[in-house]
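Here's the letter readout for the chains.
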Amino acid sequence: MLVYNQEELARFVEEAKPYACYGKVADYIPALAKANPNELSIAVYTPDGEVVSAGDVTVKVTLQSISKILALALVLMDHGEDEVFRKVGMEPTDYPFHSIAKLEEKPAKPLNPMINAGALVVTSMIEGGSVPERLNRLLAFVRRLAGNEHISYSDEVARSEFATAFLNRSLCYFLKQHGIIDEGVEELIDLYTKQCAIEMTCVDLARIGLVFALDGRDPHSGKPLMPLDVARICKTFMVTCGMYNASGEFAIKVGIPAKSGVSGGILAAVPGRCGIGIFGPALDDKGNSLAGVKLLERLSKTYSLSIFGGGNDVENVYGPVSP
């Protein structure tokens, strides 16, 4: 079993932090604009139950787009592959995550579940008779994955997102016009913004990443929390679409199945080896944590974590930082 060194991890965090100055927090959601852009933290959770961390891992992170992979897992368990992928595609895209352009092509279904249009379709498939009932089903699933019964959502962030979700409403109306969703737009936006506002620590993120890394099994009991095929599909989307339209570059430089969110969170799963949770709210122009990606790149090269292979390179992979 590979042992991760806490002192080394702390050094990697300090080396990656300077890159935050090139990014900016997601101020288009007013509540997220309050984040400290200089924060950076990481937790690594291994199958033997060890957690190695650096930075302030007690800070809670709203999932934002990371929730897309968790909602997808739940909906696949509820409805099966055929029904889910009848409404949403499986292909990556070089368009931004909030783009409406590709929906204008026939058939008018989203390219994949990791862009906003696809995620809205997936969320519309969460079963239940009301928004609270559906949200509670998702929360119960997330709590099982994280092994934490206290996980909830930030009402402040959910309200802030709901009040400013004009583009997501546009996507919903377009999807409704073409019969891909059939519920009320405001109801769906209410559920979706609360889903995105689910919050947890880096340790919780890492624990969920480890469940995916172990093909859907609980790392402590060994019991399946999701079918192997669901975990496989989710990890595949994490590789092909998980880092927005920077997923190809991320696969080459880091090579770890991962899903990011505009809060600055990143959930990563190294098959059979560990789960990783990162928080660094300063984002690049694609919507990914700038320092967080640099930190993952360093970690991947040092510990040879890429699923595509590669040697152990402990030299600094960043290059010089210019003010």
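Placed above this text is the structure.
Reference entry: report on the structure contained in this document.

## Let's talk about the pairing of strand β8 (residues 274-279)
For step 1, the next point in the chain: Burial analysis of β8 places 6 of its 6 residues in the buried class, the great majority of the element.
For step 2, the next point in the chain: Judged from the 5 bridges that link them, strand β1 (residues 41-45) and β8 form a sheet pairing that is antiparallel. Among the inter-strand pairings, Ile42 is bridged to a residue of β8, identified as Ile278.
For step 3, the next point in the chain: The pairing of strand β7 (residues 265-270) with β8 spans 6 bridges and is classified as antiparallel. Bridge pairing links Ile266 to Ile278 in β8.
For step 4, the next point in the chain: Hairpin geometry of β7 and β8 is characterised by an intervening segment of 3 residues between the two adjacent antiparallel strands and by a positive phi of about 75° at Gly272.

## Some details on the packing of helix α4 (residues 116-124) against helix α8 (residues 185-196)
For step 1, the next point in the chain: At their nearest, the axes of α4 and α8 sit 10 Å apart, and the two run at 105° to each other. Judged by the inter-axis angle, α4 sits roughly perpendicular to α8. Here Asn116, Ala119, Leu120, Thr123 and Ser124 of α4 lie close against α8, whose contacting residues are Leu188, Ile189, Leu191, Tyr192 and Gln195.
For step 2, the next point in the chain: By residue class, the composition of the contact of α4 with α8 is 6 nonpolar, 4 polar and no charged.

## Some details on the packing of aromatic side chains
For step 1, the next point in the chain: Applying the stated criterion to the full structure yields 2 aromatic pairs.
For step 2, the next point in the chain: With a centroid separation of 6.4 Å and an interplanar angle of 55°, the aromatic rings of Tyr19 and Tyr22 are classed as tilted.
For step 3, the next point in the chain: The exposure class assigned to Tyr19 is buried, which follows from its relative accessible area of 7%.
For step 4, the next point in the chain: Taking 5.9 Å as the distance between ring centres and 40° as the angle between the ring planes, the aromatic pair formed by Phe85 and Phe237 counts as tilted. Here the residue Phe85 occupies a position in helix α3 (residues 81-87), and Phe237 occupies one in helix α10 (residues 228-241), the gap between them amounting to 152 residues.
For step 5, the next point in the chain: Using a relative accessible area of 10% as the deciding quantity, one classes Phe85 as buried.
For step 6, the next point in the chain: When the ring centre of Phe162 is taken as reference, the NZ or CZ atom of Arg169 above it lies at 4.7 Å.
For step 7, the next point in the chain: One residue, Lys259, lies across the ring of Tyr244, its end atom 4.4 Å from the ring centre.

About the cut-offs
Residues numbered from 1 in each chain as written. Predicted model: local features only at pLDDT ≥ 70, side-chain atom pairs only at ≥ 80, totals over all residues. Heavy atoms only, no water. Buried < 20%, exposed > 50% of the residue type's maximum accessible area, 1.4 Å probe, protein only. Helix = DSSP H or I, 4+ residues; strand = E, 2+ residues; numbered from the N terminus. Pairing = 2+ DSSP bridges. Axes fitted to C-alpha atoms, helices over the stretch in contact; angles between N-to-C directions. Parallel < 35°, antiparallel > 145°, perpendicular 65-115°, else oblique. Contact = heavy atoms within 4.5 Å. Nonpolar A, V, L, I, M, F, W, Y, C, P; charged D, E, K, R; others polar. Phe/Tyr/Trp six-rings, centres within 6.5 Å; stacked < 30°, edge-to-face > 60°. Lys NZ or Arg CZ within 6 Å of the ring centre and 35° of its normal.

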